[in-house]
Amino acid sequence: MTVQQVGRRERKKAATRQKIADTALRLFLERGYDAVGIRDVAAEADVAVTTLFSHFASKEALVFEQDEDFEHRLTRAVNDREPQAPLIPALRQEILALVRHCTADGAAPIWRMIDASPALRKYDESVRLRHAEALATAIAADPTLTRSETAARTLARFVIDAYSLSREAPDPKAALDEIFPMIEAAWAAARPPHHT
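Below, the structure is looked at part by part. Source: prediction; values computed, not measured. (Residues numbered from 1 in each chain as written. Predicted model: local features only at pLDDT ≥ 70, side-chain atom pairs only at ≥ 80, totals over all residues. Heavy atoms only, no water.)

### Description of unusual backbone geometry
Of note in the backbone geometry, Asp46 takes a positive phi value of approximately 60 degrees without being a glycine. Within the secondary structure layout, Asp46 lies in the loop between α2 (38-45) and α3 (49-55). (Helix = DSSP H or I, 4+ residues; strand = E, 2+ residues; numbered from the N terminus.)

### Describing the packing of helix α6 (residues 87-102) against helix α9 (residues 149-168)
Contact geometry for α6 and α9: axes closest at 10 Å, N-to-C directions at 35 degrees. Between α6 and α9 lies a crossing of right-handed hand. Where α6 approaches α9, its residues Leu87, Ile88, Leu91, Ile95, Leu98, Val99 and Cys102 are matched on the opposing element by Leu155, Val159, Tyr163, Ser166 and Arg167. Class assignment of the residues belonging to the contact of α6 with α9 gives a composition of 10 nonpolar, 1 polar and 1 charged. (Axes fitted to C-alpha atoms, helices over the stretch in contact; angles between N-to-C directions. Left-handed = near helix turned anticlockwise from the far one by under 90°. Contact = heavy atoms within 4.5 Å. Nonpolar A, V, L, I, M, F, W, Y, C, P; charged D, E, K, R; others polar.)

### Structural notes on the pattern of salt bridges
For the structure shown, the criterion picks out 11 salt bridges. Of the charged contacts, one joins Glu30 and Arg26 as a salt bridge, the two residues approaching to 3.6 Å between their closest N and O atoms. Here the residue Glu30 and the residue Arg26 both occupy positions in helix α1 (residues 3-31), the gap between them amounting to 4 residues, near one helical turn. Overall, Glu30 belongs to the exposed group, its relative accessible area being 53%. Take Arg26: its relative accessible area is 35%, and that puts it in the partly exposed class. A salt bridge links Asp142 to Arg81, with the nearest nitrogen and oxygen atoms 2.8 Å apart. (Salt bridge = Lys/Arg side-chain N within 4 Å of Asp/Glu carboxyl O. Buried < 20%, exposed > 50% of the residue type's maximum accessible area, 1.4 Å probe, protein only.)

### Description of the nonpolar core
Formed by 56 residues in total, the largest nonpolar core has its most connected members in Phe28, Val41, Val63, Leu91, Ile95, Ile139 and Leu155. In this structure, Leu91 is in contact with Leu74, Ala77, Val78, Leu135, Leu155, Val159 and Phe180, ignoring residues within four places of it in sequence. (Core = buried A, V, L, I, M, F, W, Y, C linked by side-chain atoms within 4.5 Å.)

### A closer look at helix α8 (residues 118-141)
Its 24 residues place the ends of α8 35 Å apart at the C-alpha level, agreeing with the 34 Å of an ideal helix rising 1.5 Å per residue. If you check which residues of α8 are buried, you get Leu120, Asp124, Val127, His131, Ala132, Ala134, Leu135, Ala136, Ala138 and Ile139. Check the buried side of α8 and you find it contacts α4 (59-63), α5 (67-79), α6, α7 (108-116), α9 and α10 (172-189). (Expected span 1.5 Å × (residues − 1).)

### Here's the deal with the packing of α6 against α10
Two elements in contact, α6 and α10, have axes whose closest approach is 10 Å; the angle formed by their N-to-C orientations is 155 degrees. The orientation of α6 with respect to α10, classified from their angle, is roughly antiparallel. α6 and α10 meet at a crossing whose hand is right-handed. Within the contact between the two elements, α6 uses Leu87, Ile88, Pro89, Leu91, Arg92, Ile95, Leu96, Val99 and Arg100 and α10 uses Pro172, Lys173, Leu176, Asp177, Phe180, Ile183, Glu184 and Trp187. Residues of the contact of α6 with α10, tallied by class, amount to 12 nonpolar, no polar and 5 charged. (Parallel < 35°, antiparallel > 145°, perpendicular 65-115°, else oblique.)

The following block contains the structure:
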């Protein structure tokens, strides 16, 4: 099989995934999340239910279609920064970009739908915990960041909470400006003691 064939197959797969996600979101916003079933989404997207499930593990996952990208962006903020570049500003910059994306015009109805659905709120909590674990793993694996695993996990939770809190704030940037100095102070306090 040629590289071109693999590339075409991957593009087709990505296009199908995007079509399913876009269709689901449109139906959820038009009819209400609870009023739309998986079969409705599959029929409207013109795919089999098995195809839908090959792209999305659950109905809730359809709403959080970009969640994998979110996670990758956070871990890249750790892994792709310049050698010896400070961690907290890199994370703050990425969180600000993510918050701006999630608070852009058009996103508000989606977040209202999530907030109104107990199933989606619960799924959102589990997604945030998974993101925090992925971020903590990236932080703990960085040899330039000499902190304990507990400190890495704590920082990751703080960063994910900063995202959630600022996304809900009237002025997300001002919220991050208030939150990140506290995060930076906590990270500084977690420095291992100097050995003399």
